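Structure at a glance
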Amino acid sequence: MTEPNPASAAPVYFEDMIVGKHFNTASLTLDEAEMVRFAREFDPQPIHTDPIVARDSLFGGLIGSGWYTAALTMKLVVGGALRPDDRAWIGLGIELLRWPVPTRPGDTLSAVMEILEARASNSRPDRGIVKLRTLTYNQKREVMQELVANVLVPRRAAA
């Protein structure tokens with residue numbers, strides 16, 4: 001089951017987290033200048049910042065930092081697919097993070113989240129704990145990033 005959830009849609013709560021349910025994001029296209037700017041500030045390796053050095057590397061050209069891919073995935077997710085209400089979702093930890101294919105300038109990314117597990121929180125009755133698997137794809141439907149994380153998600157307020 002797949003459910004688009006545009007930014008204008010209502011927030012998503014713990015009660016919406018049915019195991020096996022999928023949420024899709026919108027897409028965004030990577031701009032080389034922005035990709036390089038991010039890398040210069042946060043991951044200044046030449047394969048991310050210098051097209052000439054990157055051309056002669058294992059990758060044969062400039063690639064985006066994995067952390068850039070992760071940041072953009074978060075932007076896609078929170079920007080519409082799994083939009084929280086004014087009570088933030090709290091990350092509890094990452095079980096898996098991998099980048100099987102590098103991102104490149106001009107790639108168009110989108111993501112799909114799958115609910116793997118959902119349970120009520122024992123210590124915080126106003127929240128639930130959700131395990132999400134997020135796959136970030138490029139325009140060729142290659143997986144650019146796989147992320148499995150646990151998140152503390154608000155429940156709907158009692159009526």
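Here we summarise the structure given alongside this text.

Here is what the cut-offs are and how they apply
- Residues numbered from 1 in each chain as written.
- Predicted model: local features only at pLDDT ≥ 70, side-chain atom pairs only at ≥ 80, totals over all residues.
- Heavy atoms only, no water.
- Salt bridge = Lys/Arg side-chain N within 4 Å of Asp/Glu carboxyl O.
- Helix = DSSP H or I, 4+ residues; strand = E, 2+ residues; numbered from the N terminus.
- Buried < 20%, exposed > 50% of the residue type's maximum accessible area, 1.4 Å probe, protein only.
- 1 Å grid on protein atoms, 1.4 Å probe; cavity = no way out; pocket = protein on both sides within 12 Å on 5 of 7 lines; lining within 4 Å.
- Points joined across faces, edges and corners; volume = space filled by probe spheres on them.
- Nonpolar A, V, L, I, M, F, W, Y, C, P; charged D, E, K, R; others polar.

So, about the pattern of salt bridges. Inspection of the entire model under this criterion finds 10 salt bridges. As a salt-bridge pair, Glu 34 and Arg 37 come within 2.9 Å of each other at their nearest N and O atoms. Within this pair, Glu 34 and its partner Arg 37 are both found in helix H1 (residues 32-42), separated by three residues, close to a single helical turn. Owing to a relative accessible area of 32%, Glu 34 belongs among the partly exposed residues under this scheme. The partly exposed category is assigned to Arg 37, whose relative accessible area is 38%. Linking Asp 126 and Arg 127 is a salt bridge whose minimum nitrogen-to-oxygen distance equals 3.8 Å.

Size it by volume and the largest pocket reaches roughly 430 Å³. What lines the largest pocket is a set of 23 residues, and nearest its centre among them are Met 74, Val 77, Leu 147, Ala 149 and Val 151. For the lining of the largest pocket, the secondary-structure elements that each account for two or more residues are helix H4 (66-81), strand E3 (90-98), strand E5 (127-137) and strand E6 (143-154). In terms of residue class, the lining of the largest pocket is made up of 17 nonpolar, six polar and no charged. Size it by volume and the second largest pocket reaches roughly 170 Å³. Contributing to the lining of the second largest pocket are 15 residues, with Ile 63, Gly 64, Ser 65, Gly 66 and Trp 99 lying nearest its centre. No other element matches H4, which puts three residues into the lining of the second largest pocket.

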